[in-house]
Amino acid sequence: MVQIIITIVIFFLATRLAHGQPSSDEVSWAKRVDTGSQVVTTMQFYFHDTLSGNNPSAIKVAQPQSSSNSLGGFGNLMMVDDPLTEGPDKTSKLIGHARGMYGQAAQNDLGLIMVLSYGFTEGIYKDSSFSLLSLNPAMQTVREMAVVGGTGLFRLARGYALAQTYWIDPTTGDAIVGYNVTIATYI
Ligand SMILES: *[C@@H]1O[C@H](CO)[C@@H](O)[C@H](O)[C@H]1NC(C)=O
């Protein structure tokens, strides 16, 4: 009996040591829940889109030759490498980058086609990314966008992002956008 208990205790300790402290991998901005058939990850982070200054994170790479029919800048295309942070502040902890493009794809209102990879650098999400491909109706308070795939922990991702502007400078277009993302995966 004593031997069995000792064996159980040793096994328990060995398992703990092998897996390390589970909390060391956890991050404050994301939560993974294994539902049995799939893993649901919810995330909350902030996206910093800076057009102004000497070191913008979003730059215009193409624009239409003629702007006569370009309400809201129809045809303008931006390349971005926007920092993602834990909190809304610029100095908040960096957790990754959103890299890719967005362009004004609507003729009569503000509708940005977003083609971006959100790659992470923190905790268990380091080197994992998800891909977002969606129209961003930027004038809406909350914009819903589709997550269409991913890598690493986000392999075979399906999901959506809800984005809401936290802060915007109407003169420069610089903005900080809050993201709530829900993703389902099998791993
Ligand atoms: C994002 O999640 C936070 C915390 O649950 C909530 O307060 C906020 O309203 C959500 N924002 C959106 C756009 O869903």
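Note that the structure is a prediction, hence the values are computed from the model and not measured. (Residues numbered from 1 in each chain as written. Predicted model: local features only at pLDDT ≥ 70, side-chain atom pairs only at ≥ 80, totals over all residues. Heavy atoms only, no water.)

Undergrad: I'm lost on the packing of aromatic side chains in this one. Help?
TA: Two aromatic rings, taken as a pair, are described by how far apart their centres are and by the angle between their planes. Applying the stated criterion across every chain, the model contains 14 aromatic pairs. Centre to centre, the rings of Phe 45 and Tyr 118 are 6.3 Å apart; their planes meet at 45°, and the pair counts as tilted. Placement of the pair is Phe 45 in strand β2 (residues 39–49) and Tyr 118 in strand β6 (residues 112–120), with a sequence separation of 73 residues. Residue Phe 45 is classed as buried on the basis of its relative accessible area of 0%. Take Tyr 118: its relative accessible area is 0%, and that puts it in the buried class. Joined through ring pairs, the aromatic side chains of Trp 29, Phe 45, Phe 47, Tyr 118, Phe 120, Tyr 125, Phe 130, Phe 154 and Tyr 179 make up one cluster. (Phe/Tyr/Trp six-rings, centres within 6.5 Å; stacked < 30°, edge-to-face > 60°. Helix = DSSP H or I, 4+ residues; strand = E, 2+ residues; numbered from the N terminus. Buried < 20%, exposed > 50% of the residue type's maximum accessible area, 1.4 Å probe, protein only.)

Undergrad: I'm lost on the site of the ligand in this one. Help?
TA: Around the ligand, the neighbouring residues are Gln 44, Val 142, Leu 162, Gln 164 and Asn 180. Within the side chain of Asn 180, an N or O atom sits 2.2 Å from an oxygen atom of the ligand. Alone, the ligand offers 360 Å² of accessible surface; in the complex the protein occludes 45% of this. Across the shell around the ligand, the residue classes break down as two nonpolar, three polar and no charged. (Near = heavy atom within 4 Å. Polar contact = N/O pair within 3.5 Å; in protein donor to acceptor, adjacent residues only side chain to side chain. Areas by Shrake-Rupley, 256 points an atom, 1.4 Å probe, with all protein chains shown as cover. Nonpolar A, V, L, I, M, F, W, Y, C, P; charged D, E, K, R; others polar.)

Undergrad: How should I be thinking about the layout of surface pockets in this particular structure?
TA: Here the idea is plain: a probe the size of a water molecule rolls over the atoms and shows the empty space left. Taken as a whole, the largest pocket spans an internal volume of roughly 650 Å³. In this structure, the largest pocket is lined by 28 residues; those nearest its centre are Asp 49, Tyr 102, Leu 110, Leu 112 and Gly 173. At the level of secondary structure, the elements contributing two or more residues to the lining of the largest pocket comprise β2, β5 (94–104), β6, β8 (142–151), β9 (158–168) and β10 (175–185). Its residues assigned to classes, the lining of the largest pocket comprises 15 nonpolar, nine polar and four charged. (1 Å grid on protein atoms, 1.4 Å probe; cavity = no way out; pocket = protein on both sides within 12 Å on 5 of 7 lines; lining within 4 Å. Points joined across faces, edges and corners; volume = space filled by probe spheres on them.)

Undergrad: Mind showing me how you'd approach the environment of Thr 121 here?
TA: By secondary structure assignment, the location of Thr 121 is in the loop between β6 and β7 (129–136). For Thr 121 and Ile 95, which are 26 residues apart along the polypeptide, the C-alpha to C-alpha distance reads 5.4 Å. With residues near it in sequence (within four places) discarded, Thr 121 still touches Leu 94, Ile 95, Gly 96 and Lys 126. (Contact = heavy atoms within 4.5 Å.)

Undergrad: Quick question: what am I supposed to make of the nonpolar core here?
TA: Grouped burial of nonpolar side chains is what soluble globular proteins tend to show. Counting residues in each nonpolar core, the largest one holds 33 residues, and the members touching the most others are Met 43, Phe 45, Tyr 118, Phe 120, Phe 130 and Tyr 179. Elements with a contribution of two residues or more to this core: β2, β4 (77–85), β5, β6, β7, β8, β9 and β10. Every residue in contact with Tyr 118, bar those within four places of it in the chain, is listed here: Phe 45, Phe 47, Leu 84, His 97, Ala 98, Ser 128, Ser 129, Phe 130, Leu 132 and Tyr 179. (Core = buried A, V, L, I, M, F, W, Y, C linked by side-chain atoms within 4.5 Å.)

Undergrad: I tried to follow the pattern of salt bridges on my own but got confused; where do I start?
TA: Between side chains of opposite charge, a pair can form when the charged atoms approach closely. In total, this model carries three salt bridges according to the counting rule given. Residue Lys 93 is joined to Glu 122 by a salt bridge in which the shortest nitrogen-to-oxygen separation is 2.7 Å. Highlighted residues: Lys 93 in the loop between β4 and β5 and Glu 122 in the loop between β6 and β7, separated in sequence by 29 residues. What makes Lys 93 partly exposed here is its relative accessible area of 41%. A relative accessible area of 16% means that Glu 122 is categorised as buried. Where Asp 127 meets Lys 126, a salt bridge forms, and the shortest distance between an N and an O atom there is 3.8 Å. The exposed category is assigned to Asp 127, whose relative accessible area is 61%. (Salt bridge = Lys/Arg side-chain N within 4 Å of Asp/Glu carboxyl O.)

Undergrad: Would you mind showing me how to read the side chain of Ser 129 here?
TA: With respect to the element layout, Ser 129 can be found in strand β7. The class of Ser 129 is buried, set by a relative accessible area of 11%. Apart from residues no more than four positions distant in its own chain, Ser 129 is found in contact with Ser 117, Tyr 118, Gly 119, Gly 150, Thr 151 and Phe 154.

Undergrad: What am I meant to see in the environment of Gly 149 here?
TA: Take Gly 149: it is sitting in strand β8. Counting along the chain gives 17 residues from Gly 149 to Leu 132, while the straight-line C-alpha distance between them is 7.6 Å. Ignoring anything within four residues of it in the chain, the contact list for Gly 149 reads Phe 130, Ser 131, Phe 154 and Ala 157.

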